[in-house]
Amino acid sequence: MNSFLNAKDLGDLKEALREAAEIKSDRFRYDTLGKNKTLLMVFFNNSLRTRLSTQKAAMNLGMNVIVLDVNAGAWKLETERGVIMDGDKSEHLLEAIPVMGSFCDVIGIRSFAGLTDRDYDYAETVYHQFVQHSGKPVFAMETATVHPLQAFADLITISEYASKRCKRPKVVLTWAPHPRALPQAVPNSFAQWMQEADRQALPLGGSKAGIDFVITHPEGYELDPDFTTGATVEYDQRKAFEGADFIYAKNWSCPGVTHPAGYGKILHDYHQMMHWTVDAEHMEWTNHAHFMHCLPVRRGMIVTDDVIEAPSSLVIPEAANREISATVILKRILQSL
Amino acid sequence: MNSFLNAKDLGDLKEALREAAEIKSDRFRYDTLGKNKTLLMVFFNNSLRTRLSTQKAAMNLGMNVIVLDVNAGAWKLETERGVIMDGDKSEHLLEAIPVMGSFCDVIGIRSFAGLTDRDYDYAETVYHQFVQHSGKPVFAMETATVHPLQAFADLITISEYASKRCKRPKVVLTWAPHPRALPQAVPNSFAQWMQEADRQALPLGGSKAGIDFVITHPEGYELDPDFTTGATVEYDQRKAFEGADFIYAKNWSCPGVTHPAGYGKILHDYHQMMHWTVDAEHMEWTNHAHFMHCLPVRRGMIVTDDVIEAPSSLVIPEAANREISATVILKRILQSL
Amino acid sequence: MNSFLNAKDLGDLKEALREAAEIKSDRFRYDTLGKNKTLLMVFFNNSLRTRLSTQKAAMNLGMNVIVLDVNAGAWKLETERGVIMDGDKSEHLLEAIPVMGSFCDVIGIRSFAGLTDRDYDYAETVYHQFVQHSGKPVFAMETATVHPLQAFADLITISEYASKRCKRPKVVLTWAPHPRALPQAVPNSFAQWMQEADRQALPLGGSKAGIDFVITHPEGYELDPDFTTGATVEYDQRKAFEGADFIYAKNWSCPGVTHPAGYGKILHDYHQMMHWTVDAEHMEWTNHAHFMHCLPVRRGMIVTDDVIEAPSSLVIPEAANREISATVILKRILQSL
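What you are looking at is a predicted structure, and each value in this text was computed from that prediction instead of being measured.

On to the overall build of chain A, then. A tally of regular secondary structure across chain A gives 12 helices and 12 strands. Since a compact globule built from 337 residues should have a radius of gyration of about 20 Å, the 20 Å found for chain A is in line with a globular shape. Seen through its C-alpha atoms, chain A measures out along the principal axes to roughly 60 × 50 × 35 Å. Burial analysis of chain A (337 residues in total) assigns 62% to the buried set. The contacts in chain A between residues at least 6 apart in sequence include a share of 79% that link residues at least 24 apart. Per element, the accessible surface of chain A, about 11,800 Å² overall, is 48% carbon and sulfur. Counting 34 positive and 42 negative side-chain charges, chain A places the centres of these two groups 6 Å from one another.

For the rest of this paragraph, the subject is unusual backbone geometry. As a rule of thumb, non-glycine residues mostly have phi less than zero, and peptide bonds are mostly trans rather than cis. Residue and element names in this part refer to chain A. In this structure, the amide linkage connecting L295 to the following residue, P296, adopts the cis form with an omega of -5°. By secondary structure assignment, the location of P296 is in the loop between β12 (290–292) and α11 (305–309). With a phi close to 60°, N36 is a non-glycine residue in the positive phi region. Structurally, N36 is set in the loop between α1 (13–25) and β2 (38–43).

All names here are of chain A. One way to put it is that helix α6 (residues 148–162) packs onto helix α12 (residues 315–335) with a least axis distance of 8 Å and a crossing angle of 115°. In the crossing of α6 with α12, the sense of the turn from one axis to the other is right-handed. Together, L149, Q150, F152, A153, D154, I156, T157, E160 and Y161 of α6 and P317, E318, N321, R322, I324, S325, A326, V328 and I329 of α12 make up the contact between the two elements.

Another aspect to go through is the pairing of strand β11 (residues 246–250) of chain B. Residue and element names in this part refer to chain B. Counting buried positions along β11 yields 5 of 5 residues, so the element is predominantly enclosed. Because side chains alternate across β11, one face comprises the buried residues F246, Y248 and K250, and the other comprises I247 and A249, equally buried. For β11 and strand β12 (residues 290–292), the ladder comprises 3 bridges, and the chain directions are parallel. Its bridge partner being in β12, I247 is matched across the sheet by F291.

Glancing now at the relation of the copies chain A and chain B. With an RMSD of 0.0 Å, the fit of chain A onto chain B corresponds to turning through 120° and sliding 0.0 Å along the axis. Here the transformation between the copies is reduced to the relation of a three-fold axis.

Before going further, it helps to examine the side chain of A:S313. All names here are of chain A. Structurally, S313 is set in the loop between α11 and α12. Judged by its relative accessible area of 10%, S313 is buried. Polar contacts involving the side chain of S313 include one to the main-chain carbonyl oxygen of I308, which spans 2.8 Å.

Glancing now at the interface of chain C and chain B. Counting residues at the interface gives 28 residues for chain C and 32 residues for chain B. Carbon and sulfur atoms supply 59% of the area buried between chain C and chain B, which totals about 2,500 Å² over both sides. Interface area lost by chain C to chain B is led by C:N36, C:E95 and C:F103, which between them contribute 26%. Linking chain C with chain B are 4 salt bridges. In this structure, the salt-bridge partner of B:E309 is C:R81, at a minimum N-O distance of 2.7 Å. Joining chain C to chain B, the criterion identifies 10 residue pairs in polar contact (both at pLDDT 80 or more). Elements with a minimum of two residues in the side of chain C that touches chain B: β2 (38–43), β3 (64–69), β5 (89–92) and α3 (93–102) of chain C. For the side of chain C that touches chain B, the leading source of residues is α3(C), giving 6 residues.

This part is about the sheet that holds β2(A). All names here are of chain A. Here 5 strands make up an open sheet; going across it, the order is β1-β7-β6-β2-β3 and the pairing parallel. The outermost strands of the open sheet, each flanked by one partner alone, are β1 (3–4) and β3 (64–69). Here helix α2 (residues 49–60) sits on the sheet and contacts β2, β3, β6 (106–110) and β7 (138–140); the angle it forms with β2, its principal contact strand, is near 175°.

Read from one edge of the open sheet, 5 strands run β1-β7-β6-β2-β3 (chain B), paired in parallel fashion. Both edges of this open sheet fall to β1 (3–4) and β3 (64–69) of chain B, since each of them pairs with a single strand only.

A separate point is the pattern of salt bridges. On inspection of all chains with the given rule, the structure shows 54 salt bridges over all chains. Residues C:R332 and C:E19 are paired through a salt bridge, measuring 2.9 Å at the closest nitrogen-oxygen approach. Linking C:R332 in helix α12 (residues 315–335) with C:E19 in helix α1 (residues 13–25), this pair joins segments that are 313 residues apart in sequence. Across the pair C:E309 and C:R299 runs a salt bridge, and its minimum N-O distance is 2.7 Å. Of this pair, C:E309 sits in helix α11 (residues 305–309) while C:R299 sits in the loop between β12 (290–292) and α11, placing them 10 residues apart in sequence. Residue classification places C:E309 among the partly exposed positions, given a relative accessible area of 35%. Classification of C:R299 by relative accessible area gives buried; the value is 1%. Bridged by salt links that share partners, the residues A:R81, A:E95, C:R299, C:D305 and C:E309 form one connected network.

Chain A puts 32 residues into the contact, and the matching count from chain B is 28 residues. Overall, the association of chain A and chain B removes approximately 2,500 Å² of surface from exposure, summing both partners, and the carbon and sulfur fraction of that is 59%. Our count for the chain A to chain B interface comes out at 4 salt bridges. In this structure, A:R49 and B:E91 form a salt bridge, with 2.9 Å as the shortest nitrogen-oxygen distance. Linking chain A with chain B are 10 residue pairs in polar contact (both at pLDDT 80 or more), by the criterion used here.

So, about the packing of aromatic side chains. Residue and element names in this part refer to chain B. Scanning all chains against the criterion turns up 28 aromatic pairs over all chains. Centre to centre, the rings of F4 and W193 are 6.1 Å apart; their planes meet at 85°, and the pair counts as edge-to-face. Placement of the pair is F4 in strand β1 and W193 in helix α7 (residues 185–199), with a sequence separation of 189 residues. Given the relative accessible area of 0%, F4 is considered buried.

Scanning the model with the defined rule gives 0 disulfides over all chains in all. With no disulfide partner, B:C294 has as its closest neighbouring cysteine sulfur the one in B:C254, 19 Å distant.

Time to look at the confidence of the model for chain A. For chain A, the mean per-residue pLDDT works out to 94, and 97% of the residues sit at or above 70. Both confidence scores are given for the complex: pTM 0.95, ipTM 0.93.

Let us look at the side chain of B:R51. Among the secondary structure elements, B:R51 is positioned in helix α2 (residues 49–60). Exposure remark for B:R51: the relative accessible area of 10% places this residue in the buried category. Setting aside anything within four residues of it in sequence, one finds B:R51 in contact with B:M41, B:F43, B:V67, B:D69 and C:L68.

Once that is clear, we can look at the environment of C:I316. Mapped onto the elements, C:I316 comes out in helix α12. Residue classification places C:I316 among the partly exposed positions, given a relative accessible area of 24%. When the C-alpha positions of C:I316 and C:K136 are compared, they lie 33 Å apart, and in sequence the two are 180 residues distant. Look past the residues within four positions of C:I316 in its chain and what remains in contact with it is A:L94, A:E95, A:P98, A:V99 and A:S102.

Residue and element names in this part refer to chain A. Structurally, F112 can be placed in the loop between β6 and α4 (118–122). Owing to a relative accessible area of 29%, F112 belongs among the partly exposed residues under this scheme. Through-space distance from the C-alpha of F112 to that of F44 is 7.5 Å; in sequence the pair is 68 residues apart. Setting aside its immediate chain neighbours within four residues, F112 contacts N45, N46, E142, T143 and A144.

On to the packing of helix α1 (residues 13–25) of chain B against helix α12 (residues 315–335) of chain B. Residue and element names in this part refer to chain B. Packing of α1 against α12 leaves a shortest axis separation of 9 Å and a crossing angle of 115°. When the axes of α1 and α12 are compared, the pair comes out roughly perpendicular. Relative to α12, α1 is oriented so that their crossing is right-handed. Where α1 abuts α12, its residues E15, A16, E19, A20, I23 and K24 lie against N321, I324, T327, V328, K331 and R332. For the contact of α1 with α12, the class distribution of residues is 5 nonpolar, 2 polar and 5 charged.

How each quantity is defined
Residues numbered from 1 in each chain as written. Chains lettered and ligands numbered in written order. Predicted model: local features only at pLDDT ≥ 70, side-chain atom pairs only at ≥ 80, totals over all residues. Heavy atoms only, no water. Helix = DSSP H or I, 4+ residues; strand = E, 2+ residues; numbered from the N terminus. Rg over C-alpha atoms; globule rule 2.2 N^0.38 Å. Buried < 20%, exposed > 50% of the residue type's maximum accessible area, 1.4 Å probe, protein only. Contact = heavy atoms within 4.5 Å. Areas by Shrake-Rupley, 256 points an atom, 1.4 Å probe, with all protein chains shown as cover. Lys, Arg positive; Asp, Glu negative; His and termini not counted. Charge placed at Lys NZ, Arg CZ, Asp CG, Glu CD. Axes fitted to C-alpha atoms, helices over the stretch in contact; angles between N-to-C directions. Left-handed = near helix turned anticlockwise from the far one by under 90°. Pairing = 2+ DSSP bridges. Least-squares fit on C-alpha atoms with pLDDT ≥ 70 in both. Polar contact = N/O pair within 3.5 Å; in protein donor to acceptor, adjacent residues only side chain to side chain. Buried area = accessible area lost by both parts, 1.4 Å probe. Salt bridge = Lys/Arg side-chain N within 4 Å of Asp/Glu carboxyl O. Phe/Tyr/Trp six-rings, centres within 6.5 Å; stacked < 30°, edge-to-face > 60°. Disulfide = S-S within 2.5 Å. pLDDT = per-residue confidence, 0-100. Parallel < 35°, antiparallel > 145°, perpendicular 65-115°, else oblique. Nonpolar A, V, L, I, M, F, W, Y, C, P; charged D, E, K, R; others polar.

As C-alpha cells, then:
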C-alpha cells in the first residue's frame, strides 16, 4: 500500500475489519514487523488524538517514530518553479519533500484545508506533493478533504456494536452547529466509508448486509458528490433520525457545492441553528441509537451532556479504535515495503 | 501503585531507598519490564530536568515514551457540565482525559499552580481529574502543590551523604529571595517527605534514626499545615542554621495560610530580603552543612556562587538522582499493572 | 572521540570514508551498539535536515533519543559569575549543562552564530561550555562557526561521484546572493574539510590524490583564514568555475576578516549581486560540474531551477548522506565510551 487516503485503498473491508479485530485482541502481535523502520509524522496543524494514536500504533509494530511539527507560519514552502525566492519562503517543496523522504520509511501527513481556495483544497495538493516527491509510502493523518484513519476507526466501532443488535444498521450523519468554520474532511470520509461498506455489502448486522446511510444537514451544506454519491440526503433532521441505529454528529462549513461562493464559510449564525444540536429529544426519534463523534466535541453545541455521557454514547471506544485503525494501516504499509 | 503524589504513596521509605540504590548500581536492571508499555508525559508547563530525567527513567525500563506539550493558552479544557461550549474551550476534560488514557499505560502530569485561586490549586484539581478519568496510573511531575519526584530524589541524596558523617541529620529548609512569585510545590513536598522520614524513623545517619527537620522563613510564608505539621518553624534564620547538616534553600510565594489575601504573592520587595540569601557567612553558622536546591536556581538571589560551587554543594548529584527517583516510581507502577 | 567540531577530529579521512561506505551498505550493522545509550539533541535554533538525519542515525545504532528544543528567548542562561540573577535569566549554565549531561550519554548541540559579536561567535562559546561542563561527549549539529556533519556528508558525496569521472577533482565553493544575513558555518567547514582532504592527499579521483579547491566570492566576504589557509581565492567567478568538477554554492554574510565592521552583515544589496546566481550559463564554464548545496536553498537567488533540477545536481543525495555522516560520528563516539 503506497498511499492511504480513501476507503478503496483498503480493498476488501471485511478483511480489513478482520485484521482490526486481530490487532485489537493482541496489539503487539506484529511487534517485530517495524524493526529498523522509521515513521515520520509531519504535522502542519495541531493534533491530539492522531498524534497519540498513530505514535502508539507505530510503537505497537516496533517502529521508530520521528515527529515533525511544521509551524505553517514559520516554514513556508515555495511550490512554483521560476520564482526568485527572496521573500518569506526559504525552501522549495522539490527539495524539502525528497529530503524528508530520505530519512524515513513511511510518512504520515496532517495538513488541514485552508477553506479559502476550494480547488486547491479538493485537489489535496499538499498530500499529493508528498506522494509524488517523497519516494516513500504516505498516509493521511487528516488532510484537506479526508480523515481516513478516523473513518476506519468509525467503521470498526460500528462493526463492533452493530453486530449485537440490528439486522442492517441505519447510520445517520448529522450536521450540528459550531461557532467556528470547520473543514469537511471528517464528514467526507465518513460518508465515503459508509457508502463503500454498503457497496461491498459488508456484513455488519445480524442478517442483512451493508448500511442504510442517510445524511442530514441544513440546505447549503451539501457535501461533495465525490464522497456522497448514492447516499440519501434528508433535510428534515427528524425524518432522518427515525429508526437510526447510529447517530454520527459533526459540524462542517459550507462545502461550496450548491453554494460555491460560501466555500469554507458558516452560512447561518449558529444561534439560529441550535435546534440541530443532538439532545435527548433527538435521540428519542431513533431506534435507541448509539451516539458517535470524532472528537474534540463542543458540548451544548454539537451534543448535550446527557447524550454524550449516556451508556449508548460511543465517543471514547471510537477514539480508542484510532490506535487500531492506525496499527492496521501501518502494518499493511510495512508488509508492502 | 495507581497514583504518586505524596510520600505515603511509597509506603516504607527504607525499602524505597533500597530500590533506589539498586537502580543506581544498575539502572538497566529492569530494562525489559516496560516492553510494549507506553508512558505519556503531559506538560501543561515548561520543564527541563523533569522532562529529561523522566524520559530517561522510562527508557531505562524499556518503555516507549510519548511527550505531549499542552499549550495551556491554546487548549483550554471545559470542566463544567451544562455549558454551551461556544467560547475558546474546544474540548471537555470528560472526553480529553479518557482519550489520552486510551493510548498509553502510565501518565505523568506537570501542571503548576495558577497562584490565584488557592482552593483550586490545593485541591489538585487537574491531577485528580486525570486520576479519576484516565483509567490509568498517574504520577505527579510537579503539580499545583507537590513535586514528589524531586522530594524523593532529595531524600535519596540526603541518605547518600548523611550516612557518611552524622548521627541524626539536621535538615533545614530555608526560604530565600526571588524576583518572581513561585509555587509552593517543592517546599511542600520536601517538608512532607522529611517529616515522613522522621515519622518512620528512617535510619539515615550513623546511629540515630529519623531527621531533625527545621523550616525557616520570614513571617507570612508559613507553609500549609497539611505538609508541615510536626515540623519546627524557626523565624530566626541564624538559629535555624545552627548545627545544620543540610541546608535546603528555596523560594516560595505566600501560601495564604497566615495571610489568606496574600496567596501566591511576594510579600516584601526582594531587595529588602537579601539577608536571607545563603552565602558563606550563613554556611559558617552550620555544622559544615551540605547545600541543596532543586534547580533552576538564581545565583546571587537564593545562593552565592561560592556556596553553590563549593565541594559541599549537592545540587548536581541531587538533580542526577531525579533519574533514579523516576525510575523507581515507574518500576513500581509497571510492577503493579 | 570526545568532541566533533573539525575535520581533524576524524583523523584519517580515508578510514572515515570507508566507515561511511560500510554504513551506507548496511545502516543497521551496528544496531546494538547504542543499546541503553541516550543521545540528547539540544536545539537552540530551528532544524529540519539535522533533526531528522541525526535522530535517524541514532536509531540506526539502537540508541534512545531525547530532543530538547530550547527557545533561546524563553530560557536565557547566565554565564557570568558574581551576578545577582534578578533579571530574565533564570538559570546559570554551570548548573544547566551538568544537569543535561546527567541524563544522557552523548550530546549534540545546535547553536547558531548571533552575527553581532565576532569574538563570541568564533570562540564557539556555547559549544565549548557544553564540552567543558557536561561531562559527556559533545558534537556540533551546526554551531556558530562550523557544520561538520554537513561537511562530512559533502565529502562522502564528492567521494561517491568523483571516483567515477575525474583524476583529481576541482571543487569550487562559490558565494551566491541571499536576502538575509547568514552565518559562515557551512562555508567554513566545507573549506576546512576540502583543505584537510587535500592535505591528507585523499584518493578521490581516478589517479591523482587530493582536491584542487578554489573559493570565489565578492570582495569583502573573505572567510576566516583558520578555515581557508592554503586555499585559492579567485574573485573572478568565471575563472574560478573553469574546469570545475563540483560547484558548491552557498551564501554567507561578511565574516569580518577584511571588513571587521561588516561582521555578520550583507555588504551589497542583493539585487546588485544577481550575476553571482548559479545558472546554466555559469555551469557551461565548468567541466560538466555537479551542483551542490547544503539546503535549504532559495531558488532564483542561489541557483536557478534548471541547474538544481538537472541530473548533475547532487543536492538530494548530499542531504541523504547526512544520515550516513551522523551515523559514523555517533558510532565512533559510542565505540569510545
